[in-house]
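Here is what each chain is made of, one letter per residue.
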Amino acid sequence: MAAPKVDYSVYLVTDSTPAILGDADLASVVEQSLQGGVTIVQYRDKHSPRDHVVATARKLHQITQKYNVPFLINDHVDVAAEIGCEGVHIGQDDMAFEEAKRLLGEGKIIGITASSKEEALKAASQGATYLGIGTVYATSTKKDTKSIIGPVGVSSILAALAAEGHGALPTVCIGGVNASNARDVMRQTVSPRKTLDGVAVVSAIVAARDPAAAAREIQGAVIGAKIPE
Ligand code: TZP
Ligand code: MG
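These numbers were taken from a predicted model, which means no experiment stands behind them.

K.L.:
Looking at this structure, how should I read helix H10 (residues 211-226)?
P.N.:
Structural remark: α-helix, 3.6 residues per turn; residues separated by three or four positions point the same way. Spanning 16 residues, H10 covers 22 Å between terminal C-alpha atoms, matching the ideal 22 Å at 1.5 Å per step. Those residues of H10 lying buried are Pro211, Ala214, Ala215, Glu217, Ile218, Gln219, Ala221, Val222 and Ala225. Looking at the buried side of H10, the elements it contacts are strand E1 (10-13), helix H2 (26-36), helix H8 (182-188), strand E8 (198-201) and helix H9 (203-206).

Written out as structure tokens, the structure is:
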């Protein structure tokens, strides 16, 4: 069975570090963001032991299911297979795509990070469900970002995808996106025959005083940018 149709407009990527989450409760932040209109959630946890990741993933998955929103796990493909969530997001240095597909089985979402045309085209031809393109703007959330490619870099990756027959592959951009620049990034990255499907956001929602309001504002900006004026 093919993976179901997904709305990538407002893609929340979580962060449990004190610098971003502060003393807030992650499950509560995720639920508030869903109330504000987040359309897909990725649980990203680079530091916790596996048993904590499994327990948190189960808890967050229960919440996203109430909102009928897909729940993905970053890196931990085995945990995604164990809890039966909707998919995973993997980077260029993580588990190979084919191995992730074998572990998860059919019908799951496998997103891949791409920061260059080469990475994007390789991921697309392997059969990635969607691409996370970036880093678009400077961010302090991820320390090892390879390069800041800007809207121009995103746009040229989109153009290359379209030119190679991957115009229908869903794409989001990531890195430094917030309510103030979401509309611009959606607009500025448009390339012939291909636009972004949404924006992926960490700190602008997780570190927000009001995650629901932050998500709502970003949703408004993305939807506004999708409607031609
Ligand atoms: N990949 C590229 S940038 C990034 C990831 C996971 C972090 C983006 O965080 P923020 O807070 O939305 O800038
Ligand atoms: Mg990774």
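K.L.:
How should I be thinking about the pairing of strand E3 (residues 71-74) in this particular structure?
P.N.:
Side-chain positions along a regular strand alternate between the two faces of the sheet. Of the two faces of E3, the one carrying Phe71 and Ile73 and the one carrying Leu72 and Asn74 are both buried. Judged from the three bridges that link them, strand E2 (residues 40-43) and E3 form a sheet pairing that is parallel. The residue bridging Val41 from the neighbouring strand is Phe71, located in E3. Running through helix H3 (residues 50-66), the crossover from E2 to the neighbouring parallel element E3 is right-handed. As defined by bridge partners, E3 adjoins strand E4 (residues 87-90) across three bridges and the pair is classed as parallel. Bridge pairing links Ile73 to Val88 in E4. With helix H4 (residues 77-83) bridging E3 and the parallel E4, this β-α-β connection has right-handed handedness.

K.L.:
What exactly am I supposed to notice about the nonpolar core here?
P.N.:
Most often, soluble globular proteins have nonpolar side chains that are buried together. If you look at the biggest cluster of nonpolar residues, it comprises 69 residues, and the most contacted ones within it are Tyr11, Leu131, Cys173, Val199, Val201 and Ile218. The leading source of residues in this core is H10, at six residues. The contacts of Leu131, once residues within four sequence positions are left out, are Gly111, Ile112, Ala114, Ala120, Ala123, Ala124, Leu169 and Thr171.

The rules behind each value
Residues numbered from 1 in each chain as written. Chains lettered and ligands numbered in written order. Predicted model: local features only at pLDDT ≥ 70, side-chain atom pairs only at ≥ 80, totals over all residues. Helix = DSSP H or I, 4+ residues; strand = E, 2+ residues; numbered from the N terminus. Expected span 1.5 Å × (residues − 1). Buried ≥ 20, exposed ≤ 12 C-beta atoms within 10 Å, placed from the backbone. Contact = placed C-beta atoms within 7 Å. Pairing = 2+ DSSP bridges. Right-handed = clockwise from strand over helix to strand, strands pointing away. Core = buried A, V, L, I, M, F, W, Y, C linked by C-beta atoms within 7 Å.

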